[in-house]
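# Architecture and fold: a report
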Amino acid sequence: MKKKSRILLIVALILSLTITACGKTTNEGEKQPEKQPETPVEQKNEVIEVSTVSASDQYLKFDEGESFEKNSVYDAYEKDIGVKLTNKWVSADDVQFKEKVKMSIASNDLPDFMKVNATQLKELTEADMIMDITDVYDKNATDETKKFLSMDGGMQLKTATFDGKLMGIPSSYNPYQYQFLYVRTDWLKKLNLPEPKTMADLLTIAEAFKTKDPGGTGKPHGIAISKDPFNQSTAVTGLIAFLNSYHAYENLWMEDGNGNLVNSDIQPQVKDALKALQEMFKKGLIDPEFVVKDVEKAAELLYNNNAGIVYGQSWVPAQLAKGAVKDGKVVQEWGVFPIPSVDSEPARSQIGLGVDEYYVISKQAKHPEGVIKLLNHWIVVDNHPTPEQKVYEYGKDLKEKGNNYWLLSPLRVGKQKDNNGEILPRAIENKDESILETKDHKTRYERAMKYVDGTDINMWWEYLISGPKGAYSLVPEIQNNKQYLQNKFYGAPTPTMADRQEILKKKRDEVYFKIMMNQVSVDEFDKFVEEWKKLGGDEMTKEVNEWYATHKQ
Amino acid sequence: MRTNRSFGRKLFLICNFIFLASVSLLCLMPIIHILALSFSSGQAASAGKVILWPVEFTTAAYANVFGKPEYLRAFWVSIQRVLIGATISMFLTIITAYPLSKDSRQFRLRTFYSWFFVFTILFSGGLIPNYLTVKNLGMLDTIWALVLPGAVTVFNVILLLNFYRSLPKELEESSLLDGAGQFTTLWKIYVPLSLPALATTGLFTMVGHWNSWFDGMIYMNHPENYPLQTFLQTIIIKMDFRFIKPERAELLIKLSDRTSRAAQIFVAAFPILIVYPFLQRFFIKGIVMGSVKE
């Protein structure tokens, strides 16, 4: 009897749990239809509704009572330009966003507009699921918008154009992102070494850092490298800039001098670079464990005083700060230098196109002009906001409190060019606020000044980015002397590329690594070139050149 | 129980012991490492000083975790999911396994149904059709999307089915003779007898529900409805550096919360760590009992 009642009790408990859970879900279900009649579609006759999909973010902090459904940014869009935003779904972050976009496409369930990558843009165009926006863009985009999106000579817009039809709005950003060389300057002083001007200097420095162990750790290495150094997404602890020093480039289509395009991965300059890396490896300048270390792990070498040289983009000081600033004091001094060259010809940084994602408008969208309105408005509020328009950046309180409300704007494009390099170092050096132009200038200036006047030493990193000897200060020279090389191929992946690119890259990394780690002789590279051609490389080159013939300027 | 052990036997036992000990150590180390990380200070963690013992002991990471409303919300979703999911799943498994354990004379379409279920192990509709089905049934963004697809795990059904077959037929006959129907026989005789097997399949189901993250990401349209593992995935997956645009670079400086990550992983693994020892004795017995037939 006792046992029976106990079982009954358990069943009852489980049931009650299930029921409460059901109750909650239905409640939530009911809430949504309730909301919809409230929408003021009828009240204001010009308000149009546009649906999209969004990615949330760890660093997006909502104000009390706000959410993706209702927040001051969406309200502001509705009030200012008469576009009411709704979300078909919201993902927790960028990685999941991409997964869910794939699902939306595969199940043919597109919102009015959303962000997709280059391959998806091509697929959607071919599947006839997205709208040709040539006319909509032409009619509704303001002059400012048109100017803004073609600052780079219209290159990025061209990547979104198929057979003369504009199929998407490039989610543009500045393509002129160079890699720099970061070196511990306090160690240079300690060991009485010159600043790295040539490749030979750099190798001497790396060797001195290894043999003399200025960090005093007992297990020094020359340079910090992570496991995927030949990948362009490795924006710090990579080796692409090292290749660039030898006039070699990673998977870039470049002119061969006869008007044809060739792939940089198989050029003889790569062999020189690999040989140099092999030498460095033999001398112990490279941590043999680099193949298993991710960026964060490899960066520990820097935080721990085990390595004092690293390649990376302009924002790298933000990474270095974790080791360089401790308890409000700068304990490591870093300097930033342009990448040195192996010979008298200056090294050229390899750069991308500055666009890998696009905003596309569904064929079913009723108000494509609403999307263009969003674009126009974003450009206005992001570049020269009036005091009230600060709501788009900070929310209803109009002041910075680290909530990152700019993430709420559903359509964001960045400047294709900036003049940070001309303005910021000068402004910070002379403490001259008057020459600042953009919002970006102002935030960076404020941060750097906090370091300069000592109120926040943690802002050391901004000073090394924007300050008089910072990374940005090196940009104008690179820009003016055109010391960069841009990929000549900007179409969607060709059939062979889609098929073989990944395999070829894997093969390449394997061979590069083996040579680097001194497991095979550097002549193995020649064998790799042959194999690369056979495994689809020749086919790819042919396709790329066919494309080039029709797109050459 | 004294046996004369030969030298070879002893040697084998020693080697075996060392081998198994090192395997279990290998399994244990990562957990201890994470635990040590979660109790260390952020600076020690990002400098790579922490191995198996906390450095600069602090519980700040745990305070941080329990102060995060989104973490606790996701935790609650997961608990709901496990309770509802396991209940439904167990119920369906039992009422599916029971009739299939009868022979074809009693249940004529038995073979057809058996193959019907086995078929679903071998072939599945694939991700997109699954998604479309769930969507068209209006289950997106509700807990049912996590619970109903996959509520019948055929593997568990087979396990239980074999267990029922191994029970003596006389039990059923006598209960029918006493006037019980099939339902009464099932709930009064078979279910109580099969508790070890049920504990096993129940544990499988619970662990499965607790650990799965992909469906949460696919079927949930708002991060508020994510189960815990889907939420955790967002903090563990590394940032893709190619997509760090200059505007995002500032975020990088805040990225070093390794200790808090470790704490969140540990808290998430904890409920299952607790459940295991209690069900473990059934666990071993259950699998073996279902598989052996006279």
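The residue count restarts for each chain, going from 1 along the sequence in the order it is written. Starting at A for chains and at 1 for ligands, labels are handed out in the order in which the entities are written. Totals for whole chains, interfaces and linings use all residues, but because this is a predicted model, local features are given only for residues with pLDDT of at least 70 and pairs of side-chain atoms are given and counted only at 80 or more.

Per an unreviewed UniProt entry, chain B is named ABC transporter permease, and its organism is Paenibacillus etheri. UniProt positions are given in the numbering used here, feature names are shortened, and annotations may be inferred rather than shown by experiment. The heading Subcellular location (unreviewed entry) in the UniProt record of chain B holds the text "Cell membrane".

Chain A is annotated in an unreviewed UniProt entry as ABC transporter substrate-binding protein from Paenibacillus etheri.

### As for the overall build of chain A
Only DSSP runs of H or I reaching four residues or more are called helices, and only runs of E reaching two or more are called strands; each is numbered from the N terminus. Within chain A, the regular secondary structure consists of 21 helices and 16 strands. Values of the radius of gyration come from C-alpha atoms, whereas the globule rule sets the reference at 2.2 Å times the count of residues to the power 0.38. Rg of the C-alpha trace for chain A: 27 Å, near the compact-globule value of 24 Å for 553 residues, within the 12% margin. Placing a C-beta atom from the backbone of each residue, one calls two residues in contact when those atoms lie within 7 Å. Restricting the contact set of chain A to residue pairs at least 6 apart, pairs at least 24 apart contribute 73%.

### Considering the sheet that holds strand 6 (residues 169-170) of chain A
Residues and elements named next belong to chain A. Following DSSP output, two strands are said to pair if at least two bridges run between them. Here we have three strands laid out as an open sheet, ordered 3-15-6, and antiparallel in their pairing. The open sheet is flanked by strand 3 (113-117) and strand 6, the only strands paired with a single partner. As judged from the five bridges shared by strand 3 and strand 15 (residues 357-361), these two strands associate in the antiparallel manner. Note on strand 15: the bridge partner recorded for Met114 is Val360.

### Re the environment of Lys297 of chain A
Residue and element names in this part refer to chain A. Summarising the element assignment, Lys297 is placed in helix 12 (residues 295-303). Residues with at least 20 other C-beta atoms within 10 Å of their own are called buried, those with 12 or fewer are called exposed, and the rest are partly exposed. The C-beta atoms themselves are positioned from the backbone. Given 16 C-beta atoms within 10 Å, Lys297 falls into the partly exposed group. Sequence separation between Lys297 and Ser54 is 243 residues; the distance between their C-alpha atoms is 31 Å.

### Details of helix 16 (residues 420-430) of chain A
Along helix 16 of chain A, the residues classified as buried are Asn420, Gly421, Ile423, Leu424, Pro425, Ala427 and Ile428 of chain A. At its buried positions, helix 16 of chain A is contacted by helix 17 (439-452), helix 18 (460-466) and helix 19 (475-480) of chain A.

### Quick look at unusual backbone geometry
Residue and element names in this part refer to chain A. At Asn108, a residue that is not glycine, the phi angle is positive and equals roughly 50°. Of note, Asn108 is situated in the loop between helix 3 (94-106) and strand 3. Using a count of 12 C-beta atoms within 10 Å as the deciding quantity, one classes Asn108 as exposed. Despite not being glycine, Asp128 shows a phi value in the positive range, around 60°. Here Asp128 shows up in the loop between helix 4 (118-126) and helix 5 (134-140).

### What to know about the UniProt feature "transmembrane region" (unreviewed entry) in chain B
Residue and element names in this part refer to chain B. The positions that UniProt labels "transmembrane region" (unreviewed entry) are, in the present scheme, residues 12-36, 79-100, 112-131, 143-164, 185-206 and 265-284. Each end of residues 12-36 is marked by a C-alpha atom, and these two atoms are 35 Å apart; helix forms 100% of the span and strand 0%. Structurally, residues 185-206 comprises 95% helix and 0% strand, and the distance from its first C-alpha atom to its last is 27 Å.

### Re the domain arrangement of chain A
By a widespread convention, an interface's size corresponds to the accessible area lost as its parts come together. The assigned domain composition of chain A is domain 1 (37-175 + 354-408) and domain 2 (179-351 + 483-488). Marked domain ranges trace back to an automatic or database domain assignment. Taking only C-alpha atoms into account, the centre of domain 1 of chain A sits 37 Å from that of domain 2 of chain A.

### Remarks on the pairing of strand 7 (residues 179-184) of chain A
Residue and element names in this part refer to chain A. The element strand 7 is largely enclosed, with a buried count of six among its six residues. Where burial is concerned, the two faces of strand 7 agree: the one with Gln179, Leu181 and Val183 and the one with Phe180, Tyr182 and Arg184 are both buried. Relative to strand 10 (residues 309-313), strand 7 runs antiparallel, the two being bridged by five bridges. Among the inter-strand pairings, Phe180 is bridged to a residue of strand 10, identified as Gly312. In terms of strand pairing, strand 7 meets strand 13 (residues 334-337) through four bridges, oriented antiparallel. Across the sheet, Arg184 pairs through a bridge with Trp334, a residue of strand 13.

### Describing the nonpolar core
As a rule of thumb, soluble globular proteins bury nonpolar side chains together. All names here are of chain A. Throughout this description, the term nonpolar core refers to a group of buried Ala, Val, Leu, Ile, Met, Phe, Trp, Tyr and Cys residues whose C-beta atoms join them within 7 Å. Tyr182, Ile223, Ala224 and Leu243 are the most contacted members of the largest nonpolar core, which totals 86 residues. With six residues, helix 12 is the largest single contributor of residues to this core. Other than its neighbours up to four places away in sequence, Ala224 contacts Thr237, Ala298, Ala299, Leu301, Leu302, Ala307 and Val310. Leu85, Met131, Ile133 and Met167 belong to the second-largest nonpolar core, a separate cluster that totals 50 residues.

### What to know about the sheet that holds strand 7 of chain A
All names here are of chain A. Taken in spatial order, the three strands make up an open sheet running 10-7-13, and their pairing is antiparallel. In the strand order of this sheet, the two ends are held by strand 10 and strand 13, each with one partner. Direction aside, the axes of adjacent strands within the sheet are offset by 30° on average. Interaxial angle, 0 to 180 degrees, is taken between N-to-C directions of lines fitted to C-alpha atoms, where a helix line uses only the stretch in contact.

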